[in-house]
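One-letter residues, chain by chain:
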Amino acid sequence: MSDLRITEAFLYMDYLRMSECIQISFAVCRIGIYTCFRALCCKGPPPARPEYDLVCIGLTGSGKTSLLSKLCSESPNSVVSTTGFSIKAVPFQNAILNVKELGGADNIRKYWSRYYQGSQGVIFVLDSASSEDDLETARNELHSALQHPQLCTLPFLILANHQDKPAARSVQEVKKYFELEPLARGKRWILQPCSLDDMDALKDSFSQLINLLEEKDHEAVRM
Amino acid sequence: MFISLWEFFYGHFFRFWMKWLLRQMTGKCELQRIFDTYVGAQRTHRIENSLTYSKNKVLQKATLVVQSEVDRCVVDIMKEKNINPEKDASFKICMKACLLQISGYKQLYLDVESVRKKPYDSDNLQHEKLLLKLWNLLMPTKKLKARISKQWADIGFQGDDPKTDFRGMGILGLINLVYFSENYTSEAHQILLRSNHPKLGYSYAIVGINLTEMAYSLLKSEALKFHLYNFVPGIPTMEHFHQFYCYLVYEFDKFWFEEKPESIMYFNVYREKFHEKIKGLLLDC
């Protein structure tokens, strides 16, 4: 009877675990074959993509979590308000961005400056369709960030999100209201209108940001 | 690609011959053998796998049967597998119970998903009533001065208008919060009080919505199966989902104060730790 049990147990082995094992073993074989191939053809290991540490800030509800989720090919359908911070590694073709996303609620914003250390770039997300009061708060926060000693020399990617809403202000209006031309003079910044529906435009702006980050890296090396 | 190859091989050849061998040796089909050997969640889970991977269309469709058709479905299964009701009297009852649990779980997920998909709507009177009910349950002695007010922060919403906080969880987040406050009022008041701790405090409502997301994702990923199969002898309902939510809120509060995190900024780190702990407990059924 116990032999039957063993056979049955074998038969009813957890299907998922089995397919996971198969997956892993095939992945290992592929890596092994690829490495041997490269060694045989006398090619060195493939160059690793550079990694940059970024900080992502913006008011609550501006869309930070949703945008980052979509860039990581995750569904933004079940996002909840970010409390505290959350770290995401966002992969691009020519770089990996380790983004530290900070929650935008009133009680969390006071902690923002503690997390600026070590950042190489800033992503600022704003809701283009928010109320006048909220837009003013966003402007104050952006100005504080632009002038903060740990961030003032870094490239900024400013995302005017929620462009799909009817009340969204245009890029020109945002640029004017946030006084970007006078205030951010001498700094490197990109202002990009975006929404969750248009990922291509968003990815373009990130490519520009990566270029700025690479330039800064080369500058540092030259110095 | 390799997985589908394995699936094909397993489903079409290997499994078939193993089962044929066992049927010859014991004189019973796979379903009967499972009923003999296992009880509780193990039994239901194995029946579900057996039906899902069966080549027989009747058996495959059985996991999606509606409540009104269950009896007929069981009779069909017995016909397909040549099971004699006189020889195996308990098969009918056991099979019915399992089918109700299996299809009930799938239906519960669909029900929860349809509630989650409904965003909070300020123009919907039911939604507004529910929101005010939440305030009155949690703050019975304080009157809400206006619908849009900074007072909402007292129960842990982020802004002046709670509707911006529900996001991906929609009206499900609010329903969960109200359920807990209504059915476990003294516990809710205690936890709300603790959430205002000067150093270890957290936003009561926001964390509640986070825990709704946790409960929803555990339901979606089928991690709740073992627990519900063990705990609910028939069809699991929204009530059971709400009860699980209440358990998460109560346990998370205990967990948070035991862990004594440095500040609210580390919320996600501890949330993940708690999530792993719960997943471990759910597997241990």
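Please read these numbers as outputs of a predicted model, since none were measured by experiment. (Residues numbered from 1 in each chain as written. Chains lettered and ligands numbered in written order. Predicted model: local features only at pLDDT ≥ 70, side-chain atom pairs only at ≥ 80, totals over all residues. Heavy atoms only, no water.)

S.K.: Explain the state of the cysteines to me, please; I cannot follow it from the model alone.
M.R.: In this structure the tally under the stated criterion is zero disulfides over all chains. Cys 56 of chain A supplies the cysteine sulfur nearest to Cys 194 of chain A, a cysteine that is in no disulfide, at a spacing of 10 Å. (Disulfide = S-S within 2.5 Å.)

S.K.: Sorry, what's going on with the environment of Val 99 of chain A here?
M.R.: Residues and elements named next belong to chain A. Within the fold, Val 99 resides in strand β3 (residues 96-102). Note: C-alpha distance between Val 99 and Leu 54 (45 residues apart in sequence) is 4.7 Å. The contact partners of Val 99, leaving out residues within four places of it in the chain, are Leu 54, Cys 56, Leu 68, Ser 86, Ile 87, Lys 88, Val 90 and Ile 123. (Helix = DSSP H or I, 4+ residues; strand = E, 2+ residues; numbered from the N terminus. Contact = heavy atoms within 4.5 Å.)

S.K.: For this particular structure, what's the right way to read the domain arrangement of chain B?
M.R.: Many analyses report the size of an interface as the accessible area lost when the parts associate. All names here are of chain B. Each assigned domain of chain B is listed here: domain 1 (1-116) and domain 2 (121-284). Every contact between the two is made by 19 residues of domain 1 and, on the other side, 26 residues of domain 2. Overall, the association of domain 1 and domain 2 removes approximately 2,000 Å² of surface from exposure, summing both partners, and the carbon and sulfur fraction of that is 71%. Where domain 1 meets domain 2, there are one salt bridge. Among the ionic pairs, Glu 48 bridges to Lys 225, the shortest N-O distance being 2.8 Å. Put simply, domain 1 and domain 2 have nine residue pairs in polar contact (both at pLDDT 80 or more) between them. (Domains from an automatic or database assignment. Buried area = accessible area lost by both parts, 1.4 Å probe. Salt bridge = Lys/Arg side-chain N within 4 Å of Asp/Glu carboxyl O. Polar contact = N/O pair within 3.5 Å; in protein donor to acceptor, adjacent residues only side chain to side chain.)

S.K.: What's the story with the packing of aromatic side chains in this structure? I'm lost.
M.R.: Any pair of aromatic rings gets described here by the distance separating the centres and the angle formed by the planes. Under the definition given, this model contains 23 aromatic pairs over all chains. An angle of 85° between the planes, with centres 5.8 Å apart, marks the rings of Trp 152 of chain B and Phe 157 of chain B as edge-to-face. With respect to burial, Trp 152 of chain B and Phe 157 of chain B carry one shared label: buried. An aromatic cluster of at least three residues, connected via ring pairs, comprises Tyr 202, Phe 252, Phe 255, Trp 256, Phe 267, Tyr 270 and Phe 274 of chain B. Taking NZ or CZ as reference, Arg 139 of chain A lies 4.4 Å from the ring centre of Tyr 177 of chain A, over its face. (Phe/Tyr/Trp six-rings, centres within 6.5 Å; stacked < 30°, edge-to-face > 60°. Buried < 20%, exposed > 50% of the residue type's maximum accessible area, 1.4 Å probe, protein only. Lys NZ or Arg CZ within 6 Å of the ring centre and 35° of its normal.)

S.K.: Any chance you could explain the pattern of salt bridges here in plain terms?
M.R.: Residues and elements named next belong to chain B. Counted under the stated rule, the structure contains 24 salt bridges over all chains. The salt bridge involving Glu 259 is made with Lys 273; its shortest N-O contact spans 2.8 Å. You can see Glu 259 sitting in helix α13 (residues 238-259) and its partner Lys 273 sitting in helix α14 (residues 267-283), a full 14 residues away along the chain. Since its relative accessible area comes to 26%, Glu 259 is described here as partly exposed.

S.K.: Got a minute to help me understand the nonpolar core in this structure?
M.R.: Nonpolar side chains tend to gather and get buried jointly when the protein is soluble and globular. Residue and element names in this part refer to chain B. Met 95, Leu 99 and Phe 157 are the most contacted members of the largest nonpolar core, which has 114 residues in total. Ranked by residues supplied to this core, first place goes to helix α6 (residues 91-116) with 11 residues. Residues contacting Leu 99, with those up to four places away along its chain left out, are Leu 51, Ala 62, Val 65, Val 70, Cys 73, Val 74, Ile 77 and Gly 104. (Core = buried A, V, L, I, M, F, W, Y, C linked by side-chain atoms within 4.5 Å.)

S.K.: Explain the UniProt feature "domain: ELMO" (unreviewed entry) in chain B here, please?
M.R.: Following the UniProt record, one finds the feature "domain: ELMO" (unreviewed entry) at residues 126-282 of chain B. Secondary structure across residues 126-282 of chain B comprises 66% helix and 0% strand; the distance between its end C-alpha atoms is 34 Å. (UniProt positions renumbered as here; feature names shortened; annotations may be inferred.)

S.K.: I'm lost on the domain arrangement of chain A in this one. Help?
M.R.: Annotation of chain A at the domain level lists domain 1 (1-44) and domain 2 (51-222). Measuring from the centre of the C-alpha atoms in domain 1 of chain A to the corresponding centre in domain 2 of chain A gives 42 Å.

S.K.: How should I be thinking about the sheet that holds strand β1 (residues 51-58) of chain A in this particular structure?
M.R.: Backbone-to-backbone hydrogen bonds pair the strands of a sheet. The strands run either parallel or antiparallel. Residue and element names in this part refer to chain A. The sheet built from six strands is open, its strands ordered β2-β3-β1-β4-β5-β6 with mixed pairing. Every other strand in the sheet has two partners, leaving β2 (85-91) and β6 (189-193) as the edge strands with one partner each. With strand direction ignored, the average angle separating the axes of adjacent strands in the sheet is 20°. Pairing of β1 with β3 involves six bridges; the strand directions are parallel. The residue of β3 that forms the bridge with Glu 51 is Ile 96. (Pairing = 2+ DSSP bridges. Axes fitted to C-alpha atoms, helices over the stretch in contact; angles between N-to-C directions.)

S.K.: I tried to follow the pairing of strand β5 (residues 156-161) of chain A on my own but got confused; where do I start?
M.R.: It is a general feature of regular strands that their side chains alternate between the two faces of the sheet. All names here are of chain A. For β5, the tally of buried residues reaches six of six residues, placing the bulk of the element in the interior. Pairing of strand β4 (residues 121-127) with β5, which is carried by six bridges, proceeds in the parallel orientation. Looking at β5, one finds that Leu 126 is bridged to Ala 160. Once the chain exits β4 it traverses helix α5 (residues 132-147) before rejoining the sheet at β5, and the crossover so formed is right-handed. Sheet topology note: the β5/β6 ladder contains five bridges and is parallel. Within the sheet, the bridge partner assigned to Ile 158 lies in β6 and is Leu 191. (Right-handed = clockwise from strand over helix to strand, strands pointing away.)

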